[in-house]
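Topology and contacts: notes
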Amino acid sequence: MTNKAKLIDHTLLAPDATAEAVKKLCEEAKTAGFWSVCVSPNRVSLAKRELSGSDIKVCTVIGFPSGAHCTEVKKFETAHAVADGAQEVDMVIDLGAVKDGNWHAVQLDIAGVVQAAGTEVLVKVILETCLLTDEEIVNACECAQKAGADFVKTSTGFSQSGASAHAVELMRKTVGSNMGVKASGGIRTAAVMDEMIAAGANRIGASAGMKLLGGNE
């Protein structure tokens, strides 16, 4: 029986999230036994302190939510987050380069973050699948693989829509079993979470983590 709590990145990325809200997120994560909390870069050090003594990871986002940041900025942001205690980073892909079909630039952008993260920090690549064609999703996944990323991820949760089972299935088919697939964006019920897992996701990003396990928000 899968421990579903350990599939969840318990997430709070609202730009107006307070310190108290981040502390509550961390307490919920400890109570439920989630895999990680995912917070904005400026809250990484706080989350690290709040989770001290637990096995829960600290995850943050890079180039969020647009992805339209220079690679050097993403690299700096990554290194800073890791220094603050981030153990996983979810970077947003260069969507403009994807739409240009400039796959060399897409791969270099991802590789820059992977290099800045170092060998001990897991890197997830947010594709924002609602904005991409199936062909673009496949090509973006291949770029993430070649760049040495650990996961591909569906969505920021800040665009037109979130995860879909179709996108997750396509991502899993493309990357095979050697990379992770994270579904995020709009996952607010246990039924939707189960649908994403069945489609091939082995990580779930959700702000409704407690609700997914039958608890109260």
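Residues numbered from 1 in each chain as written. Predicted model: local features only at pLDDT ≥ 70, side-chain atom pairs only at ≥ 80, totals over all residues. Heavy atoms only, no water.

One way to put it is that helix α7 (residues 165-175) packs onto helix α8 (residues 190-199) with a least axis distance of 8 Å and a crossing angle of 25°. By the angle between their axes, α7 is roughly parallel relative to α8. Between α7 and α8 lies a crossing whose hand is right-handed. Judged by residue contacts, A165, V168, E169 and R172 of α7 engage E195, M196 and A199 from α8. Considered class by class, the residues forming the contact of α7 with α8 number 4 nonpolar, no polar and 3 charged. (Axes fitted to C-alpha atoms, helices over the stretch in contact; angles between N-to-C directions. Helix = DSSP H or I, 4+ residues; strand = E, 2+ residues; numbered from the N terminus. Parallel < 35°, antiparallel > 145°, perpendicular 65-115°, else oblique. Left-handed = near helix turned anticlockwise from the far one by under 90°. Contact = heavy atoms within 4.5 Å. Nonpolar A, V, L, I, M, F, W, Y, C, P; charged D, E, K, R; others polar.)

Moving on, we come to helix α5 (residues 103-117). Its 15 residues place the ends of α5 21 Å apart at the C-alpha level, agreeing with the 21 Å of an ideal helix rising 1.5 Å per residue. When α5 is considered as a whole, its buried residues turn out to be V106, D109, I110, G112, V113, V114 and A117. The inward-facing, buried residues of α5 abut α3 (71-84), β4 (88-92), α4 (95-100), β5 (122-126) and α6 (134-147). G118 lies just past α5 and shows a positive phi near 85°. (Expected span 1.5 Å × (residues − 1). Buried < 20%, exposed > 50% of the residue type's maximum accessible area, 1.4 Å probe, protein only.)

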